There are 2 protein chains.
Amino acid sequence: MSRPITYAQSGVDIEANDVMVDQIHSHLTSTYGPRVIDVPWGFAGLFRLDYDEKLFKKNYRNPVLVACTDGVGSKVQVAAKAKCFDTVGIDLVAMSVNDMLVMGAEPLFFLDYVALHKLEPALVAQMVKGVAAGCRQADCALLGGETAEMPDTYRRGDFDMAGFAVGVVEKDRIITGKSVRPGDVVLGLASTGLHSNGYALARAICFKRAKLKVTDVLDELEGRTLGEALLAPTRIYVRSILKLIAKYRVKRVVHAMAHITGNGLPGNIPRVLPPDCNAVLKKASWPRPTIFNFLQKTGPVEEDEMFRVFNMGIGYVVIVAEDFADAAARLLLQAGERVYHIGRITRGTGKVVLKD
Amino acid sequence: MSRPITYAQSGVDIEANDVMVDQIHSHLTSTYGPRVIDVPWGFAGLFRLDYDEKLFKKNYRNPVLVACTDGVGSKVQVAAKAKCFDTVGIDLVAMSVNDMLVMGAEPLFFLDYVALHKLEPALVAQMVKGVAAGCRQADCALLGGETAEMPDTYRRGDFDMAGFAVGVVEKDRIITGKSVRPGDVVLGLASTGLHSNGYALARAICFKRAKLKVTDVLDELEGRTLGEALLAPTRIYVRSILKLIAKYRVKRVVHAMAHITGNGLPGNIPRVLPPDCNAVLKKASWPRPTIFNFLQKTGPVEEDEMFRVFNMGIGYVVIVAEDFADAAARLLLQAGERVYHIGRITRGTGKVVLKD
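The model shown is predicted, which means the values in this text are computed figures rather than measured ones. Each chain has its residues counted from 1, running along the sequence as written. Each chain is given a letter, starting from A, and each ligand a number, starting from 1, according to the order in which they appear as written. Where local features are concerned, this predicted model is filtered to residues with pLDDT of at least 70; where side-chain atom pairs are given and counted, the filter is 80 or more; whole-chain, interface and lining totals use all residues. Water and hydrogen atoms were dropped before computing side-chain values, which therefore reflect all heavy atoms in the structure.

1. Some thoughts on the environment of B:D276
Residue and element names in this part refer to chain B.
So, point 1. Secondary structure follows DSSP: runs of H or I at least 4 residues long count as helices, runs of E at least 2 residues long count as strands, and numbering of each begins at the N terminus. On the secondary structure map, D276 appears in the loop between α8 (264–268) and β9 (277–282).
So, point 2. Residue classification places D276 among the partly exposed positions, given a relative accessible area of 43%.
So, point 3. D276 sits 51 residues away from T225 along the chain, and the two C-alpha atoms are 45 Å apart. Each residue's exposure class comes from its accessible area (1.4 Å probe, protein chains only) as a fraction of the maximum for that residue type: buried when under 20%, exposed when over 50%, partly exposed otherwise.

2. So, the pattern of salt bridges
So, point 1. A pair is scored as a salt bridge if a Lys or Arg side-chain nitrogen falls within 4 Å of a carboxyl oxygen belonging to Asp or Glu. Taken as a whole and judged by the stated rule, the model has 28 salt bridges over all chains.
So, point 2. In this structure, A:E149 and A:K118 form a salt bridge, with 3.3 Å as the shortest nitrogen-oxygen distance. One end of the pair, A:E149, is in strand β5 (residues 141–149); the other, A:K118, is in the loop between β4 (106–116) and α4 (121–137), with 31 residues separating them in the sequence.
So, point 3. Using a relative accessible area of 37% as the deciding quantity, one classes A:K118 as partly exposed.
So, point 4. Ionic pairing is found between B:R239 and B:D139, a salt bridge with its closest N-O pair at 2.9 Å. With B:R239 in helix α7 (residues 238–247) and B:D139 in the loop between α4 (121–137) and β5 (141–149), this residue pair connects regions lying 100 residues apart in the sequence.
So, point 5. You can call B:R239 partly exposed: its relative accessible area is 46%.
So, point 6. What emerges from the salt-bridge pattern is a single network uniting A:K283, A:R288, A:E303 and A:D356.

3. Observations regarding the domain arrangement of chain A
Residue and element names in this part refer to chain A.
So, point 1. Note that domain bounds follow an automatic or database assignment of domains. In terms of domain boundaries, chain A breaks down into domain 1 (14–173) and domain 2 (185–355).
So, point 2. Here domain 1 and domain 2 have C-alpha centroids that lie 24 Å from each other.
So, point 3. The interface of domain 1 with domain 2 comprises 31 residues on the first partner and 29 residues on the second.
So, point 4. Buried area, as used here, totals the accessible surface that two parts lose on assembly, with accessibility defined by a 1.4 Å probe and the loss added over both. Note on domain 1 versus domain 2: buried area summed over both sides is about 2500 Å², and carbon and sulfur give 65% of it.
So, point 5. Taken together, the connections running from domain 1 to domain 2 amount to one salt bridge.
So, point 6. Any N or O atom pair separated by 3.5 Å or less is treated as a polar contact, with the protein-specific requirement of one donor-capable and one acceptor-capable atom, and with residues adjacent in sequence counted only for side-chain atom pairs. For the pair domain 1 and domain 2, the interface holds 15 residue pairs in polar contact (both at pLDDT 80 or more).
So, point 7. Those elements that place two or more of their residues in the side of domain 1 that touches domain 2 are α2 (75–82), α3 (88–101), β4 and α4. Residue contacts are defined here by distance: any two heavy atoms, one from each residue, within 4.5 Å place the two residues in contact.

4. Thoughts on the interface of chain B and chain A
So, point 1. Listed per partner, the contact involves 88 residues of chain B and 89 residues of chain A.
So, point 2. Summing the contributions of chain B and of chain A, the shared interface buries around 6800 Å²; its carbon and sulfur component is 63%.
So, point 3. Taken as a group, B:I5, B:F43 and B:L65 account for 13% of the area that chain B buries against chain A, more than any other trio of residues on that side.
So, point 4. Between B:D152 and A:K208 there is a salt bridge whose closest N-O contact spans 3.9 Å.
So, point 5. At the boundary of chain B with chain A, the tally comes to 23 residue pairs in polar contact (both at pLDDT 80 or more).
So, point 6. The element that contributes the greatest number of residues to the side of chain B that touches chain A is strand β3 (residues 63–71) of chain B, accounting for nine residues.
So, point 7. Here the nonpolar group is Ala, Val, Leu, Ile, Met, Phe, Trp, Tyr, Cys and Pro; Asp, Glu, Lys and Arg are the charged ones; every other residue, Gly included, is treated as polar. Considered class by class, the residues forming the side of chain B that touches chain A number 50 nonpolar, 18 polar and 20 charged.
So, point 8. Bridge count for strand β2 (residues 45–48) of chain A against β3(B) is four bridges, and the pairing is antiparallel. Paired with A:R48 across the bridge in β3(B) is B:V64. Paired strands are those between which DSSP finds at least two bridges.

5. Looking at the environment of A:R173
Residues and elements named next belong to chain A.
So, point 1. By the secondary structure assignment, R173 is in the loop between β6 (159–170) and β7 (185–190).
So, point 2. Judged by relative accessible area, R173 falls into the partly exposed class, the value being 29%.
So, point 3. When neighbours within four sequence positions are excluded, R173 is seen to be in contact with M103, R249 and R252.

Written out as structure tokens, the structure is:
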């Protein structure tokens, strides 16, 4: 009779899981507000939607829950290559919360799924540290998560992440883009770099074509390493945008918003444009971060393709009523954004027109 | 100057994505109830928590949102090996909704993340078909999802899935286990097989030690192929358990519940036991599905290890007040469950005691 086989021998390390749970607990609780009901070792995360206590009463009249899920694409591959695991968590949160923000929703909580070759507690703790940092930036609770050790699916050193965010918006305050009209001003909020899109192309250019290393220090990138430039965390626009919406809650001057992700400005703005409107953008109206020039030249990549794949320096777009454009831009600036008046809404066919 | 590089050349197929979106749309809408606000091409999924219309008025007084995330572990590897992609989606839903059910929560909606080597629309459609089937079984809406094509992270034919579920429970109806007391009866609900746990060990036994193929037809498995036996979808207990809770809403005879996942009966029941109670289970009180005997013998695996890794035939546990145990069991039976009186709560130290 052969020697009995155990679960541990089949490659799953239960003790490492316990160590990890201890290490990440303080990251989780750093994101908790009074609406989280803490259930250690519970089967699920609990979040009070209405908050009855006198001082903080916050009830929704007709609450609509808003849910998003996203990964960070192959930015995880760059993180693995650079052995830098504590910032992709910020990207993960950003991808989902910026998406729900487009509807006017306030993020409530977030959950993460991390899958990897081998459960190294310190490494997972780094990842969750990043997720918690993103959650704090977005004022949402990291309510739970799952770490999956899958040695036969992921190669040594490789991992993947998925994020899931839930928010809430009053039903009659959902921002849909239906009030967009010719004359509206398109405000662009600066991105911090590639954010979390276009990494298949960026990696092909940097690592396959140009044979660069993540540790290479490049003049074209203002002396940063390639890894630092590629891994700059996605900006989270939650606080400034919620401030803007709150300020103009009655006047409703925010007609539409778009999170600039895969397919860039020409792909994402049309998602909130009425079919009889165009957004005419002037490319020279905002500065292009160095990473995009570097990728375009190194590729080389044609200009149109650059705009179809990358955000090109604008991570989030707000379409506002003309009369309030300057005031809205000022508010966003004071809230910490770099804001550019990048274009106008005209009559059209639901498209983005890019002008030199 | 070298030939310009495009996004498509870097391995991402945008057209395949469009084809896929078309193919999965009907699966998504098959799960929609009137509380889903359909936003085609929206940035996020929308779900109305309160439903005001006269006929279906359903408002929560103090709603607590309950959120879970999980994957299906290396069951995806067995699915890939068997090229059977339309049932792991059921497992994915089951893992999360059965978890939230433990708190007494009603599932509202679900989102899935699928990551794979190459985006083959027909294959992703199979996966999402399974997810939608699971959502219909759990009466929750498949509100959205993300498909990530990551050729450098996943090997050809490999994939991974993560699921996210959100439900709701009235704050004063959360089931925590604090009312469990000696004398309570432990009811066990039959599992349909391994569900989604212990696959590292099961695969090590079947494929590495015994060199079996997923297509092997085995007498020990009642003439099923090994693939069929290993891929039997996880049972979703939502409808029957919500019926039970609703029936005894006032009497509150359901004192605690546990979803039997990783670490089996001895690992999961203590999560809801008071520290001064034990659950004493009699192993012979329920039938053991053939797959467990097959794995134990083929391994070989020691009896204790089997119980620590696998559910051993019980997928969900309900701890009820003694006087209502028979009535509760009858209700669950009528709701379609196979129910066994598997043990009792005694004074103790928060542990499971397994008796022959």
